[in-house]
Structure formats: C-alpha cells, structure tokens
Amino acid sequence: MLPTPTPEGSGTPRGTGPANPVELMDPLRIVDNSGPDRPPNKPDHRDNEPTRPALRAAEPTDARVDPVVRPDPAPKARPDEVPAPARLLITRGPEVGTCFDLTAAVTTIGRYRNCDIALDHVTVSRRHAEIRRDGGGYTIVDAGSLNGTYLNRHPLEAPATLADGDEVRIGIVRFTFHTRRV
C-alpha cells in the first residue's frame, strides 16, 4: 500500500505516525526516563549541567600561530576631537538647559537628524549653521539658512569669531557660548 500524500505543513504522510494526534501536542505528557540508577520521573542532577565536548589531542600543523591581539583598555579619541574646552547652552526654546560640548573640528547645527546638534523646529533649516574650531578659537558660519543665524542679536553675514558669553540664535532657539565649564 502506498502512503497517501501529506497535507500542507504536515511532516509525515497520512496513515503513518501516532495513532492519536493529540499525543504530539500535549505539552504536559509525562515521559518515563527511569533507568537502573534513577527512580521514575526524578530528574538527575546531571541533566542540569551543560554538555561539554570531549577533549581531543591537538593535531600537529605547519600553520604559523598568530600572537593574541588584545583590544586597548580605553578607546582612543578621534583625531579631530579634543576634550571639550567650549560649550553651547540652550537658554531659550525647546530643551532649555541642554549643553552641547564642541569637541569636533566642525559642529553642524540644524533640523536634519544627522547634524551634531539637531533642533526639531520649523524655524530651523535642515543644515542651518556650523561652528568651526580654529586652533584655540571658534568661528560660527551660516550654512545658507532661510531664517538666518544671529550673533548677539545681529544677523550673521560672514563668518564670525565667538567669545565667551556670546548669544547665538538659530530659529527660535537661543544658545550661550561658553569657553569654560557652566
């Protein structure tokens, strides 16, 4: 007699397998694992231990063994970053009190989420302004924004050097530039 075709999703042909299909689905079915050294249905403490592969003798190879490479204990800073000597502090607008360390050589400010300082407001252009670190000083540059960038309440028409306490306005957000910790 030929086995009948299997229905979709079933692993065995019809007519083969357990007499009662409920036996396959019963998660509470008790299996008797009794043996000569174990009473019926009592777990052995060895059942909880993970199995370990058997040790084999090392086979001789002609391959050169590379030395072990260990990662550095502390991650190294990117070459264009230094410890934060300057900060921008939001003094007006959403997220008042938030400080941004100016550690990169160029810090981008805008509405675009890939900017270093992302400001989610319609008055901020996607790429609004940049702050560039020049040696020991910082310069702010408008990146062609629609609403403009303001430094100490004056529109920024050319790159300008920032000084401690300067107010920078980008859209409705006002920052204060600090060269020492606040």
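You'll find the structure just up there.
Residues numbered from 1 in each chain as written. Predicted model: local features only at pLDDT ≥ 70, side-chain atom pairs only at ≥ 80, totals over all residues. Heavy atoms only, no water.

1. Remarks on the sheet that holds strand β11 (residues 173–178)
Phase 1 of the analysis: Spatially, the six strands line up as an open sheet ordered β2-β1-β11-β10-β7-β8, and their pairing is antiparallel. Strand pairing shows two members of the sheet lacking a second neighbour, β2 (99–101) and β8 (154–155), which therefore form its edges.
Phase 2 of the analysis: Sheet topology places strand β7 (residues 149–151) next to strand β10 (residues 167–170); three bridges connect them, and they run antiparallel. Bridging across to β10, T149 finds its partner in I170. (Pairing = 2+ DSSP bridges. Helix = DSSP H or I, 4+ residues; strand = E, 2+ residues; numbered from the N terminus.)

2. Some details on the sheet that holds strand β4 (residues 117–118)
Phase 1 of the analysis: Spatially, five strands are ordered β4-β3-β5-β6-β9 in an open sheet, and the strand pairing comes out mixed. Of all strands in the sheet, those with a lone pairing partner are β4 and β9 (160–162), marking the two edges.
Phase 2 of the analysis: By the bridge criterion, two bridges tie strand β3 (residues 106–110) to β4 in an arrangement that is parallel. Pairing of I109 across the sheet is with I117, part of β4.

3. A word on the pattern of salt bridges
Phase 1 of the analysis: Evaluation of the coordinates by the stated rule reveals four salt bridges.
Phase 2 of the analysis: With a closest N to O distance of 2.3 Å, R127 and E130 form a salt bridge.
Phase 3 of the analysis: The partner of R153 in a salt bridge is E167, and the shortest N-O contact between them spans 3.8 Å. With R153 in the loop between β7 and β8 and E167 in strand β10, this residue pair connects regions lying 14 residues apart in the sequence.
Phase 4 of the analysis: According to the relative accessible area criterion, R153 is exposed, its value standing at 63%.
Phase 5 of the analysis: Taken together, the shared-partner salt bridges in this structure form one network comprising R127, E130 and R132. (Salt bridge = Lys/Arg side-chain N within 4 Å of Asp/Glu carboxyl O. Buried < 20%, exposed > 50% of the residue type's maximum accessible area, 1.4 Å probe, protein only.)

4. Digging into the pairing of β3
Phase 1 of the analysis: The element β3 is extensively covered by neighbouring structure, given that four of its five residues are classed as buried.
Phase 2 of the analysis: Of the pairings in the sheet, the one linking β3 to strand β5 (residues 129–134) comprises four bridges and is antiparallel in character. Bridge pairing in β5 places T108 opposite E130.

5. Structural notes on unusual backbone geometry
Phase 1 of the analysis: For E95, which is not glycine, the phi torsion reads 65 degrees and is therefore positive.
Phase 2 of the analysis: Residue placement: E95 occurs in the loop between β1 (87–92) and β2.
Phase 3 of the analysis: Residue classification places E95 among the exposed positions, given a relative accessible area of 54%.
Phase 4 of the analysis: At N152, a residue that is not glycine, the phi angle is positive and equals roughly 50 degrees.
Phase 5 of the analysis: Tracing the sequence through the fold places N152 in the loop between β7 and β8.
Phase 6 of the analysis: Owing to a relative accessible area of 34%, N152 belongs among the partly exposed residues under this scheme.

6. Remarks on the side chain of T107
Phase 1 of the analysis: Position of T107 among the secondary structure elements: in strand β3.
Phase 2 of the analysis: Take T107: its relative accessible area is 4%, and that puts it in the buried class.
Phase 3 of the analysis: Not counting residues up to four positions away in its chain, the partners in contact with T107 are L102, D116, I117, A129, E130 and I131. (Contact = heavy atoms within 4.5 Å.)

7. Quick look at the pairing of β5
Phase 1 of the analysis: Two elements, β5 and strand β6 (residues 137–142), share six bridges in a ladder whose sense is antiparallel. Of the residues in β6, the one forming a bridge with E130 is V141.
Phase 2 of the analysis: In textbook terms, the turn of a hairpin is the stretch between consecutive antiparallel strands, and for β5 and β6 this stretch comprises two residues, one of which, G135, has a positive phi near 60 degrees.

Remember that the coordinates give geometry; whether it matters functionally is a separate question.
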